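The lines below spell out each chain.
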Amino acid sequence: MTEDAERLRRWRLLLGNAAEESTGGLASKTDTAMDGALAALYDTTSEGSKSRRRGAGLGGSAPKVARWLGDIRTYFPSSVVQVMQKDAIDRLGLTQLLLEPELLDAVEPDVHLVGTLLSLNRVMPETSKATARMVVEKVVREVEERIAQKTRTAVTGALNRSARITNPKYRDIDWNRTIRANLAHYLPEYKTVVPERLLGYGRRSQAVHRDVVLAIDQSGSMASSVVYASVFGAVLASMRALKTSLVVFDTAVVDLTDKLSDPVDVLFGTQLGGGTDINRAIAYSQSLIDRPTESLFVLISDLYEGGIRAEMLRRMAAMKNAGVQVVVLLALSDDGAPSFDHDNAAALGRLGIPAFACTPDKFPELLALALERGDIGRWADSLRTE
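Looking at an unreviewed UniProt entry, the protein chain carries the name VWA domain-containing protein, with the source organism given as Rhodococcus opacus.

In structure tokens:
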């Protein structure tokens, strides 16, 4: 196929049947099938003054949807399939059909689908729960593979930069400081420095070094963040150097710390949707902190407060003034710029508490910096310029 023909083919698939006169028809059965799958989801036609989706009937039966899900998995890569599934749930009202086991078997598991399933957790029939759990578990294990090792490395390998030592192991040598301290021993004939004295960092002990409290907003808009934060919480809980607590909240507060051994259990302990009382969640989190100067509090929320705003800000200020390292994440996901309460974020900023979005891949780096009491605000600013 020539380059011009391929370009026209792509435009035809992108624009749909309405572009056929200018781009030409589709030449293969595969292209026709791809076009049909796209049309079922995205095409619109006009009838008088009304506009309707050509595929609006797709939501009528689970078998038809299952066939469509099979088609898109055949013709499109996994990343595209995930986007199309999310659009189908949003545009064609397929939420209730996700309660049917045969449909769950046909979907491509991803973080957004897990969020949808968790929002249906309380109304899901028993016949669907086992299949739904398998879908959630598959996504959780994939997320763990992506982030677990990096997180453990960031924490267990985090160097205690305040504890300089003069007999470090090779892996702990501070080479910049060692070279500066040994410049007097430079040998011109060999163009090298002979370090007579090694300087390095002491590593964190295996005893509980810091306390970490994760408080996660479980309102519907935070679905992806809940998934990632639950997995991170489970990873942190497995590390002896940290004492990790996990709290989820909407208008109520639930402590899921005892479920941290299995992030799937954590997720099925959440209930996505509903209102938000951040102040109540902060008050409970404060009760978990008995070593303020050795504690890190991470609030993951879009900051849309349904509780007492002034009290929320007062509690956050009190926590920070007591010596707690406080970080607010507006989102912990790959979903792009989040929607959040700008006034509350600005108010926290004036208190010296950074509020920003973070991707899962960056969170281990953030965690290590926070545990070392680094400049989180400057780090967050560097994210915005990347």
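After presenting the structure, the write-up continues.
Looking at this structure, how should I read the sheet that holds strand 10 (residues 295-300)?
In a beta sheet, neighbouring strands pair by backbone hydrogen bonds and run either parallel or antiparallel. Taken together, 6 strands build an open sheet; the order of strands is 9-8-7-10-11-12 and the sheet is mixed. This sheet does not close on itself; its edge strands, each paired only once, are strand 9 (253-255) and strand 12 (355-358). On average, adjacent strands in this sheet sit at an angle of 25° to one another, irrespective of strand direction. In this sheet, strand 8 (residues 242-249) lies alongside strand 7 (residues 210-217) in parallel orientation, the contact comprising 8 bridges. Among the inter-strand pairings, Val 212 is bridged to a residue of strand 8, identified as Thr 244.

Just checking my understanding: could you explain the packing of helix 1 (residues 3-15) against helix 3 (residues 29-42) for this structure?
Each pair of packed helices can be described by the angle between their axes along with the distance between the axes. It is at 9 Å that the axes of helix 1 and helix 3 come closest, and there the two elements cross at 30°. By the angle between their axes, helix 1 is roughly parallel relative to helix 3. The residues of helix 3 that touch helix 1, namely those facing Arg 9, Arg 12 and Leu 13, are Asp 31, Met 34, Asp 35 and Leu 38. Along the lines of polarity and charge, the residues of the contact of helix 1 with helix 3 split into 3 nonpolar, no polar and 4 charged.

What exactly am I supposed to notice about the nonpolar core here?
The nonpolar side chains of a soluble globular protein tend to be buried, and buried together. Membership of the largest hydrophobic core comes to 77 residues, with the highest contact counts inside it found for Trp 68, Leu 98, Leu 117, Leu 329, Leu 332, Phe 356 and Leu 366. In this view, Leu 329 contacts Val 298, Leu 299, Ile 300, Ser 301, Phe 356, Cys 358, Phe 363 and Leu 366; residues no more than four positions away in its chain are not counted. Ile 282, Ile 289, Leu 330 and Ala 355 belong to the second largest nonpolar core, which has 24 residues in total.

What should I look at first to understand the environment of Gly 307 in this one?
Within the secondary structure, Gly 307 sits in the loop between strand 10 and helix 13 (309-321). Separated by 30 residues in the primary sequence, Gly 307 and Asp 277 have C-alpha atoms spaced 4.6 Å apart. Not counting the four nearest positions on each side in its chain, Gly 307 is found in contact with Thr 276 and Asp 277.

When you look at the packing of aromatic side chains in this model, what are you seeing that I'm missing?
Pairs of aromatic rings are described using the distance from one ring centre to the other and the angle between the two planes. Counted under the stated rule, the structure contains 2 aromatic pairs. Taking 4.6 Å as the distance between ring centres and 55° as the angle between the ring planes, the aromatic pair formed by Phe 232 and Phe 363 counts as tilted. Pair noted here: Phe 232 is in helix 10 (residues 223-237) and Phe 363 is in helix 15 (residues 363-371), with a separation of 131 residues, a long-range link. Exposure remark for Phe 232: the relative accessible area of 1% places this residue in the buried category.

Just to check I follow, could you spell out the pattern of salt bridges for this structure?
When the charged atoms of two side chains lie near each other, side chains of opposite charge can form a pair. Counted under the stated rule, the structure contains 18 salt bridges. The salt bridge involving Glu 294 is made with Arg 210; its shortest N-O contact spans 4.0 Å. Linking Glu 294 in the loop between helix 12 (278-288) and strand 10 with Arg 210 in strand 7, this pair joins segments that are 84 residues apart in sequence. In this structure Glu 294 comes out as partly exposed when scored by relative accessible area, which is 29%. Exposure remark for Arg 210: the relative accessible area of 3% places this residue in the buried category. Put simply, Asp 211 and Arg 291 hold a salt bridge, and the shortest N to O gap is 3.2 Å. Here Asp 211, found in strand 7, pairs with Arg 291, found in the loop between helix 12 and strand 10; they are 80 residues apart in sequence, far enough to count as distant.

So what exactly am I meant to see when it comes to a nonpolar patch on the surface here?
Side chains of Tyr 170, Trp 175, Ile 179 and Leu 183 sit close together on the surface and give an oily, nonpolar patch of about 470 Å² of accessible area. Structurally, Tyr 170 can be placed in the loop between strand 3 (159-165) and helix 9 (175-181).

Can you walk me through the confidence of the model for the protein chain in this structure?
Any residue range with low pLDDT should be treated as having predicted coordinates unsuitable for detailed reading. On average, residues of the protein chain carry a pLDDT of 82, and 87% of them reach 70 or more. The low-confidence segment residues 45-57, where pLDDT is below 50, has 22 contacts with residues more than four positions distant or belonging to other chains. Predicted confidence is poor over residues 159-163, with pLDDT under 50, and the contacts of this stretch with residues over four places away or in other chains come to 13 contacts.

Explain the pairing of strand 12 here, please?
On a regular strand, each side chain points to the face opposite its neighbour's, so the side chains alternate between the two faces of the sheet. By the bridge criterion, 4 bridges tie strand 11 (residues 325-332) to strand 12 in an arrangement that is parallel. Paired with Ala 331 across the bridge in strand 12 is Ala 357. Note that the unit made of strand 11, helix 14 (residues 342-350) and strand 12 has a crossover that is right-handed.

The rules behind the values
- Once a new chain begins, its residue numbering starts again from 1 and follows that chain's sequence as written.
- Local features in this predicted model are restricted to residues of pLDDT 70 or higher, and side-chain atom pairs are both shown and tallied only at a pLDDT of 80 or more, whereas totals for entire chains, interfaces and linings draw on every residue.
- Water and hydrogen atoms were dropped before computing side-chain values, which therefore reflect all heavy atoms in the structure.
- Here, strands pair whenever DSSP counts at least two bridges between them.
- The secondary structure listing takes helices from DSSP runs of H or I that are at least 4 residues long and strands from runs of E that are at least 2 residues long, numbered from the N terminus.
- Between N-to-C directions, angles cover 0 to 180 degrees, with each direction set by a line fitted to C-alpha atoms, over the stretch in contact for helices.
- Geometric relationships in this document are graded by angle, where less than 35 degrees denotes roughly parallel, more than 145 denotes roughly antiparallel, 65 to 115 denotes roughly perpendicular, and other angles denote oblique.
- The criterion used for residue contact is that any of the two residues' heavy atoms lie within 4.5 Å.
- The classification used treats Ala, Val, Leu, Ile, Met, Phe, Trp, Tyr, Cys and Pro as nonpolar, Asp, Glu, Lys and Arg as charged, and all other residues, Gly among them, as polar.
- Throughout this description, the term nonpolar core refers to a set of buried Ala, Val, Leu, Ile, Met, Phe, Trp, Tyr and Cys residues connected via side-chain atoms within 4.5 Å.
- Only protein chains enter the accessibility calculation, which uses a 1.4 Å probe; a residue is then buried when its area is under 20% of its type maximum, exposed when over 50%, and partly exposed in between.
- Here a pair means two rings of Phe, Tyr or Trp (six-membered ring of Trp) with centres within 6.5 Å. Their orientation is stacked below 30 degrees between planes, edge-to-face above 60, and tilted elsewhere.
- Counted as salt bridges are all cases of a side-chain nitrogen of Lys or Arg within 4 Å of a carboxyl oxygen of Asp or Glu.
- Patch rule: a residue counts if its relative accessible area is over 30% and it has no salt bridge; like charges are joined within 9 Å, and nonpolar side chains (Val, Leu, Ile, Met, Phe, Trp, Tyr) within 5 Å.
- For every accessible area listed, the method is Shrake-Rupley and the probe measures 1.4 Å; residues are considered covered only by the protein chains on display.
- Looking at any residue, its pLDDT shows the predictor's confidence there, from 0 to 100.
- Every crossover in which the path from the first strand over the helix to the second runs clockwise, viewed with the strands pointing away from the viewer, is termed right-handed.

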